Amino acid sequence: MNMKSYKISAAGRVNLIGEHVDYCGGKVLPAALSFKNTIKMTPNGTNFINLSWTTLPDKVTLDIDKLAEYKDEKYAKYQAGSAYVWQRLGHKIVGCDMEYDCKVPFGSGLSSSAAIEVSTIAALCVAAGEEINPKEIALAAQKAENEYVGMNCGIMDQYASACGKKNHAMLLNCKAVESVYVPIEFGDYQLVIANCNKPHDLVTSKYNERRQETEQALALLQTQTKIDCLADLTVTKFDEISRVLPTIIRKRAYHVVSECERVRLAMQSMSTGNMLMLGELLNASHKSLRDNYEVTGKELDSLAFAAQAHPACIGSRMTGGGFGGCTISLVRKDSVEDFKKFVSERYTKETGYPVTFYDCEIGDGIIVEEND
Ligand code: GLA
């Protein structure tokens, strides 16, 4: 048996645009971050997976024959769920020691959970001598999050975490689960990621509620026209047929359909180098997430508006699931320090929370190295 030790990592992610459309068959534009979760993994020749963390005193042992039993473990449920799903998909699980070093800030909306799930499955592949298939791993990790953790997320986070490429975003078609890489080139501007530092506990239940609302919208709209998902509709077609929807459900669905349109326009603006248009689209996305989808909240609004008020910022929006977490802003490179100072002061004055800015690059998805 191979008892060599490895370092396996998977990335956190940021989403440029295409928010809350992945589970509606839409296209999204995420990128993997250089913030990652890294596992030091050594096969141990037993029937157990021993988990430890560099940042926590906890140690948890998972019995490979009882992987269904760890759903209530606060930290280990992500690992147990990933191993459980991977096993149920017919893969061999091999006993090993895994030490987690997560550099994706927790609760930041930058997908620490996807990074943990994806790297866990990748590490299990390495332990069993299996080849790494990033897309297959992403789909299994999403299943773990949906069925084991109970968060009904789409495929975006796990896909970006597994398949990301340095200095590239991915235009991911969530209906087909296929992507193309898009070079990240913002000209005179730089992407600035800022955390609003608001703890967000209700995320899972609110998220699942929004997902149900879009499913209700789809079922009603399917009585009017032949579509597989909300992303199949143009804004014009939606306007024609959406009278059947109750007011709130209509607002939710309108966000999805209009956000899909913004993704198309964002691709156009990136390919023509029209940064001002891209900035406008970020602002419009935030507005729709605030007014139609109602997933922003006081803190994310205050942070995005403070950013939008700075003269060197051409666009700002929340990124990820919402209710807390991070914003992204496009800021002229020569004014980033002034921007940070301006936004921090305004935001803290309004909300009482500090802002954390991250110095982070666009990185690769899964990385496997031998540990020396
Ligand atoms: C969370 C989910 C993703 C996606 C985003 C919103 O990050 O995990 O699947 O739905 O929210 O775009």
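See above for the structure.
Described below are features of the structure shown in this document.

Conventions we followed
- Residues numbered from 1 in each chain as written.
- Predicted model: local features only at pLDDT ≥ 70, side-chain atom pairs only at ≥ 80, totals over all residues.
- Heavy atoms only, no water.
- Near = heavy atom within 4 Å.
- Polar contact = N/O pair within 3.5 Å; in protein donor to acceptor, adjacent residues only side chain to side chain.
- Areas by Shrake-Rupley, 256 points an atom, 1.4 Å probe, with all protein chains shown as cover.
- Nonpolar A, V, L, I, M, F, W, Y, C, P; charged D, E, K, R; others polar.
- Pairing = 2+ DSSP bridges.
- Helix = DSSP H or I, 4+ residues; strand = E, 2+ residues; numbered from the N terminus.
- Axes fitted to C-alpha atoms, helices over the stretch in contact; angles between N-to-C directions.
- Core = buried A, V, L, I, M, F, W, Y, C linked by side-chain atoms within 4.5 Å.
- Buried < 20%, exposed > 50% of the residue type's maximum accessible area, 1.4 Å probe, protein only.
- Contact = heavy atoms within 4.5 Å.

1. Section: the site of the ligand
Link 1 in the chain: Contacts to the ligand come from Arg 13, Glu 19, His 20, Asp 22, Tyr 23, Cys 153, Gly 154, Met 156, Asp 157, Tyr 207, Gly 320 and Gly 321.
Link 2 in the chain: Contacts to the ligand include His 20, whose backbone N or O atom sits 2.7 Å from an oxygen atom.
Link 3 in the chain: Between Asp 22 and the ligand, the recorded distance is 2.5 Å, taken from a side-chain N or O atom to an oxygen atom.
Link 4 in the chain: Relative to its unbound accessible area of 310 Å², the ligand is 96% covered by the protein chains.
Link 5 in the chain: For the shell around the ligand, the residue count by class is four nonpolar, four polar and four charged.

2. Re the pairing of strand 8 (residues 178–183)
Link 1 in the chain: Pairing between strand 7 (residues 168–173) and strand 8: six bridges, direction antiparallel. Across the sheet, the residue bridging to Ala 169 is Val 182, located in strand 8.
Link 2 in the chain: Between the antiparallel neighbours strand 7 and strand 8 lie four residues, among them Val 177 with a positive phi of about 50°.

3. Things to note about the sheet that holds strand 11 (residues 326–332)
Link 1 in the chain: In space, the four strands of this open sheet follow the order 10-11-9-12, with antiparallel pairing throughout. The strands lining the two open edges of the sheet, one partner per strand, are strand 10 (313–319) and strand 12 (356–358). Across this sheet, the average inter-strand angle for adjacent strands is 30°, counted without regard to direction.
Link 2 in the chain: One ladder, built from six bridges, connects strand 10 with strand 11; its direction is antiparallel.

4. Brief notes about the nonpolar core
Link 1 in the chain: With 129 residues, the main nonpolar core has Leu 16, Met 41, Ile 49, Met 98 and Phe 186 as its most contacted residues.
Link 2 in the chain: For this core, the element with the most residues is helix 2 (residues 112–127), which contributes 10 residues.
Link 3 in the chain: If we ignore the near neighbours within four places in the chain, the residues touching Met 41 are Lys 4, Ser 5, Tyr 6, Ile 8, Cys 96, Asp 97, Met 98, Ala 123, Val 126 and Ala 127.

5. Describing unusual backbone geometry
Link 1 in the chain: Here Ser 111, not a glycine, exhibits a phi torsion of approximately 65°, which is positive.
Link 2 in the chain: The exposure class of Ser 111 is buried, given its relative accessible area of 9%.
Link 3 in the chain: In this structure, Glu 294 takes a positive phi of about 50° despite not being glycine.
Link 4 in the chain: As for its placement among the helices and strands, Glu 294 is situated in the loop between helix 8 (275–291) and helix 9 (298–308).

6. Some remarks on the environment of Cys 96
Link 1 in the chain: Within the secondary structure, Cys 96 sits in strand 6 (residues 96–102).
Link 2 in the chain: Once the C-alpha coordinates of Cys 96 and Asn 50 are considered, the two residues, 46 residues apart in sequence, prove to be 6.4 Å apart.
Link 3 in the chain: Sequence-distant contacts of Cys 96, defined by excluding residues within four places in its chain, comprise Met 41, Thr 42, Pro 43, Asn 44, Phe 48, Ile 49, Asn 50 and Leu 124.

7. A closer look at the side chain of Thr 351
Link 1 in the chain: Assignment of secondary structure puts Thr 351 in helix 10 (residues 336–351).
Link 2 in the chain: Exposure remark for Thr 351: the relative accessible area of 15% places this residue in the buried category.
Link 3 in the chain: One polar contact links the side chain of Thr 351 to the main-chain amide nitrogen of Tyr 353, over a distance of 3.2 Å.
Link 4 in the chain: The contacts of Thr 351, once residues within four sequence positions are left out, are Lys 298, Glu 299 and Ser 302.

So, to be careful, I would describe these as geometric facts and stop short of saying anything about function.
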